[in-house]
Amino acid sequence: MTLHFEPILQQWPYLLGGAWLSLQIAVLAFAFGMVIGLVCASVLRYGPVFLRRAVTAYVIFATNTPQLVQIFFLFFALPEIGVTLSPFTAVLIGATFNAGAYLCEIQRAGFNSVRLMEVEAAEVLGFSTMQIVRHVILPHVLKVMFPPLSNQFIVMTLGTSMASIFGVEELTGRTYNLSSQTYLSVEAFSVAAVLYIAITLIATFALAIVGRYVCRAKIKVL
Amino acid sequence: MFASSQAEIAQLFSFYNLLLLLEGFAATLVLSALGCFAGFLAGFVVAIVRVTHSRAMAPLRALAFAYCFLFRRIPFLVTLMLVFFASQSSKANLSTFAVASLSVCLIASAYLGEIIRSGLESVHGNQWEAAQTMNFSTFETLRFVIVPQAWRVVVPPTFGFFVMFIKDTALASQIGVMELTSAGKVLTNKGFSSWLVYGTVLALYFVMSYPLSRLGKRLEKKLAATRNR
């Protein structure tokens, strides 16, 4: 078995474009998921009982069923009641739905890690509520939450590969195209694997730098 | 196509369709169990190689590190396709189920290797030295000193991983393994409503992974109490 990488490597701008789309899906889903997670985590902490139950049910459901089948459901079942989603939207909604649950769990744990005594000490020192949030709660919460959040982002970036199943032409989708055009499947998918490693590595480094200087979180990259 | 939704439900849960779903359920279960067990064993070996310190083991250690590092950064779908096409073009003539199990084991041992390594490293270095002073061999140190202390750290994330893993096997439907998701696809192709079929499939996945995640949560609570001295 001989490998021919040239025809695949000639197409690298095409693949890089796919990688860019993968990153876009991951970033969008992460951003929306953060908002959902923040709302859900706040509800879990301050909301009334029935809302808390609803959020718990959502988190349990979303974290215990495969994202793939959830997107299948969105993509194939919703048209029956007249909601037709484009592949990109379906994948984005599915990824957001999934990410929201995980990010809710992470943020809930972050909220719980705030020590009441520190807040009380700040109150005694005459901090206003805004100052307490700004100088006591946020630095602490960010430091605790940052490593799991960046980890979740990496997992989500890998998860975007299932968008290809619905015909979104991101990195894996374009790899499918290339492998059926050239019949060099092993080569195409090895190149895709290397690209995925490169993307996630860059993301990890970037996040580690942000984490170190913004959130004072220490992240070991290697 | 169907007279009423009731008729459709009755049709969907007819004997052969149920059999199809059950077979899919069993295949998913076997695939994930295989991945978890084989992955756990292989991951254990990888982790032990990674915590060794001797110079003779350096190349192996680098290999184990690279393995854990790289395979956790490739999406499962891409690994699956890579193994699938590699087995085809090398004329190994593996069944799709074998391909799926192989890639499942590859991924699982990388992830579990990382989890177990972090557990082993959570045991203080003094314990190794103390065991060495008492003339324990490496195996004895692991067996009697390190592992009993490390497993408390290892177990909770392992369960989290198992749950993640059951869900990941859904991707095996892409290469044509007849597991739960493929069974769902077959049923929708037969003309059943996607609501019903994918709802059932989601429920079945839930039935599979929820007990596991509950067990993981419970163990986490139980072990955390003894861990925080």
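No experiment lies behind these values; they were computed from the predicted model shown. (Residues numbered from 1 in each chain as written. Chains lettered and ligands numbered in written order. Predicted model: local features only at pLDDT ≥ 70, side-chain atom pairs only at ≥ 80, totals over all residues.)

Caption draft 1: Inspection of the nonpolar core at higher detail. Core analysis: the largest hydrophobic core is formed by 113 residues, its most contacted members being A:Val69, A:Val91, A:Phe189, A:Ala192, A:Tyr196, B:Val78 and B:Leu80. With near-sequence residues (within four places) excluded, A:Phe189 lies in contact with A:Thr175, A:Ser179, B:Val78, B:Met81, B:Leu82 and B:Phe85. (Core = buried A, V, L, I, M, F, W, Y, C linked by C-beta atoms within 7 Å. Buried ≥ 20, exposed ≤ 12 C-beta atoms within 10 Å, placed from the backbone. Contact = placed C-beta atoms within 7 Å.)

Caption draft 2: Expanded view of the interface of chain A and chain B. In this complex, chain A contributes 28 residues to the contact, which on the side of chain B involves 30 residues. At the level of elements, α3 (49–64), α4 (67–77) and α9 (185–214) of chain A are the ones that each hand at least two residues to the side of chain A that touches chain B. Counting residues per element, the side of chain A that touches chain B draws most heavily on α9(A), which supplies ten residues. Considered class by class, the residues forming the side of chain A that touches chain B number 19 nonpolar, eight polar and one charged. (Helix = DSSP H or I, 4+ residues; strand = E, 2+ residues; numbered from the N terminus. Nonpolar A, V, L, I, M, F, W, Y, C, P; charged D, E, K, R; others polar.)

Caption draft 3: View of the environment of A:Leu103. Residues and elements named next belong to chain A. Looking at the secondary structure, you find Leu103 in helix α5 (residues 87–112). With 28 C-beta atoms packed within 10 Å, Leu103 lands in the buried category. Separated by 113 residues in the primary sequence, Leu103 and Arg216 place their C-alpha atoms 20 Å from one another. Residues in contact with Leu103, not counting those within four places in the same chain, are Gly33, Met34, Gly37 and Gln152.

Caption draft 4: Focus on the confidence of the model for chain B. When pLDDT is averaged along chain B, the result is 87, and 96% of the positions lie at 70 or above. Reported for the predicted complex are a pTM of 0.89 and an ipTM of 0.88. (pLDDT = per-residue confidence, 0-100.)

Caption draft 5: Inspection of helix α8 (residues 171–182) of chain A at higher detail. Taking 1.5 Å as the rise per residue, α8(A) with twelve residues should run 16 Å; its terminal C-alpha atoms sit 16 Å apart, in good agreement. Elements that come into contact with the buried residues of α8(A) comprise α1 (6–9), α2 (12–46) and α9 of chain A together with α4 (76–89) of chain B. Phi turns positive, to about 65°, at A:Tyr183, one or two residues after α8(A). (Expected span 1.5 Å × (residues − 1).)

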